[in-house]
Amino acid sequence: MESPPLTGTATQPGRQRWLRLIPIVFVTYSLAYLDRSNFSIAAAGGMSEDLGITSSTSGLIAASFFAGYFLLQVPGVLYADRRSVRDLIFWSVLAWGALATLQGLLSSVPLLIVVRFLLGAVEAAVLPALVVLLARWFTKPERGRANAFLILGNPVTVMWLSAASGYLIEATSWRGMFIIEGVPALIWAFYFRAQVRDRPADAPWLAPAEREAVDTAIAAEQAELASTAAADNSGVHPLREALRTPAVLVLSAQYLLWSIGVYGFVFWLPSIVKAGSSAGIGATGLLSAVPYAFAVVAMLLNSRRSDRTTRRIRYVWPWLLGGAVTFYGSYLAGHDAFWLSFPLLVLAGIAMYAPYGPFFAMIPELLPRRTAGVAVALVNAAGALGGFLGTYLVGWLRTATGTDAAAFLMLAGTMAASALVLLAVRTPKRKVA
């Protein structure tokens, strides 16, 4: 893993932060994404048949996660920003590990909906809280890569999840898969609490020179934001300040549209692959992992280029537009040409994931620290609504039409719209020294 020096320092600080924090936030978000996404493998691996669940009902169960995920975004991040990211994530990891394991013990659809809702609620603040944590520990020239390593927990997890979970179901059952994959979170919560500190000043393992360099650089960034945007007004509540900031509203609408595409893809790809290829669940898992393997490489390369220029938007919208084109190509290929549409779906997965690092690096760079955490939560809450719509609508369209064509067309439209909406974001002009 690369550990770049802080910009503008004479020594080589940076390695301690990268080696200590980045693997921990990566694993934390990986476990969250594991317990969020393995429902899609279970649905394709026998759960739907055992419980008599249709595609539309399966979509509703999966989508109920995002209802809970939406409701507690802002309260969770306010707690993390005012009190402790470390404590919030400790209790969240414990709770989601227990709920994820519980899924393997249920046979009632209403109870599954309730558990998925609660799972979303306890995971709600984890991503924005981790973004806030990284914004405290990494400077602007580092932040794109730091956020990319965090978000890599998404495609890397889905990649091995898709491959391993299919064979785990074959070895045990979909119930066994839920139980086995929920247990690691229960153990990880205590390791996270022992290793992570909220700020550089609280970390005894961080060299004094590096601590001073990080704090000085971030303080300078915050002072520049306060002077150019005039947004750091201590008399205004951070939530109100974020809601009246045009960039936050535009990014929320944009991320909602983007998330319809991402989660419609993530939750339904195994079922689409299984239906189109007629493969067993083990081979289906391997095929479903292919887009994410390439997406990991694209995320790292795109984030590196974004950090070199610190111009974020140009490293986001072209990828999203490319995702729209490939979804439309899958629509044109049709249901009967799976081996033509599958490579296009691989390209769509790459295009949807590559921009994550620059995107989440952009938000703290638009706003002062006291507002940035709430802004990330608002944007991510809008993404939760998009996740609800994506998972539910794809399932509903597949049931209503009997094919995947209408779903591909919808995903193409939302991805194109997300690319165009992003162009309305205006970054603040920097003062010239």
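Above: the structure in question.
A few points on the structure. In this text the structure is predicted, and so the values were computed from the model without any measurement. (Residues numbered from 1 in each chain as written. Predicted model: local features only at pLDDT ≥ 70, side-chain atom pairs only at ≥ 80, totals over all residues. Heavy atoms only, no water.)

### Quick notes on the overall build of the protein chain
- If you tally the helices and strands in the protein chain, you get 18 helices and zero strands.
- Here the protein chain has a C-alpha radius of gyration of 21 Å; the compact-globule value for 433 residues is 22 Å, and the two agree.
- Counting only C-alpha atoms and orienting by the principal axes, one finds that the protein chain spans roughly 60 × 45 × 40 Å.
- A total of 433 residues make up the protein chain; the buried ones form 59% of that total.
- Residue pairs at least 24 apart in sequence account for 83% of intrachain contacts in the protein chain once pairs closer than 6 positions are excluded. (Helix = DSSP H or I, 4+ residues; strand = E, 2+ residues; numbered from the N terminus. Rg over C-alpha atoms; globule rule 2.2 N^0.38 Å. Buried < 20%, exposed > 50% of the residue type's maximum accessible area, 1.4 Å probe, protein only. Contact = heavy atoms within 4.5 Å.)

### Topic: the packing of helix α2 (residues 55-71) against helix α5 (residues 109-123)
- Where α2 meets α5, the axes come as close as 6 Å, and the angle between the chain directions of the two elements is 35°. With respect to the hand of their crossing, α2 and α5 are arranged in right-handed fashion. Here α2 contributes Thr57, Leu60, Ile61, Ala62, Ser64, Phe65, Ala67, Gly68, Tyr69 and Leu71 to the contact with α5, which in turn contributes Val109, Leu112, Ile113, Arg116, Phe117, Leu119, Gly120, Ala121 and Glu123.
- For the contact of α2 with α5, the class distribution of residues is 13 nonpolar, four polar and two charged. (Axes fitted to C-alpha atoms, helices over the stretch in contact; angles between N-to-C directions. Left-handed = near helix turned anticlockwise from the far one by under 90°. Nonpolar A, V, L, I, M, F, W, Y, C, P; charged D, E, K, R; others polar.)

### Here we look at the environment of Ala98
- If you trace the backbone, Ala98 turns up in helix α4 (residues 85-102).
- Residue classification places Ala98 among the partly exposed positions, given a relative accessible area of 42%.
- Ala98 sits 185 residues away from Ala283 along the chain, and the two C-alpha atoms are 29 Å apart.

### Quick notes on the packing of aromatic side chains
- Here the structure, examined in full by the defined rule, presents 27 aromatic pairs.
- Each ring, one from Phe65 and one from Phe66, has its centre 5.0 Å from the other, and the planes form 80°; the classification is edge-to-face.
- On the accessibility criterion, Phe66 (1% relative accessible area) is buried.
- Taken together, a centroid distance of 4.9 Å and an interplanar angle of 70° make the contact between Phe90 and Trp91 edge-to-face. (Phe/Tyr/Trp six-rings, centres within 6.5 Å; stacked < 30°, edge-to-face > 60°.)

### What about the nonpolar core?
- By size, the foremost hydrophobic cluster in this structure holds 132 residues, and its most contacted members are Trp258, Phe327, Phe359 and Phe360.
- Here this core takes 16 residues from helix α1 (residues 15-51), the largest share from any one element.
- Those residues in contact with Trp258 that lie beyond four places of it in its chain are Val316, Leu320, Met352, Pro355, Tyr356, Phe359, Met415 and Ser418. (Core = buried A, V, L, I, M, F, W, Y, C linked by side-chain atoms within 4.5 Å.)

### So, the pattern of salt bridges
- This structure, assessed with the given rule, holds eight salt bridges.
- For Asp307, the salt bridge goes to Arg145, with nearest N and O atoms at 2.7 Å. Placement of the pair is Asp307 in helix α13 (residues 281-309) and Arg145 in helix α7 (residues 140-151), with a sequence separation of 162 residues. Take Asp307 and Arg145: they sit in the same class, and that class is buried. (Salt bridge = Lys/Arg side-chain N within 4 Å of Asp/Glu carboxyl O.)

### Let's talk about the packing of helix α12 (residues 246-277) against helix α15 (residues 338-353)
- At a closest axis distance of 11 Å, the pairing of α12 and α15 adopts a crossing angle of 155°. With respect to α15, the axis of α12 lies roughly antiparallel. Our pair here, α12 against α15, has a crossing hand that is left-handed. Together, Trp258, Gly261, Val262, Phe265, Val266, Leu269, Ile272, Val273, Gly276 and Ser277 of α12 and Phe338, Trp339, Phe342, Leu345, Gly349, Met352 and Tyr353 of α15 make up the contact between the two elements.
- In terms of residue class, the contact of α12 with α15 is built from 13 nonpolar, four polar and no charged. (Parallel < 35°, antiparallel > 145°, perpendicular 65-115°, else oblique.)

So far we have only geometry, and geometry alone does not tell us how the molecule works.
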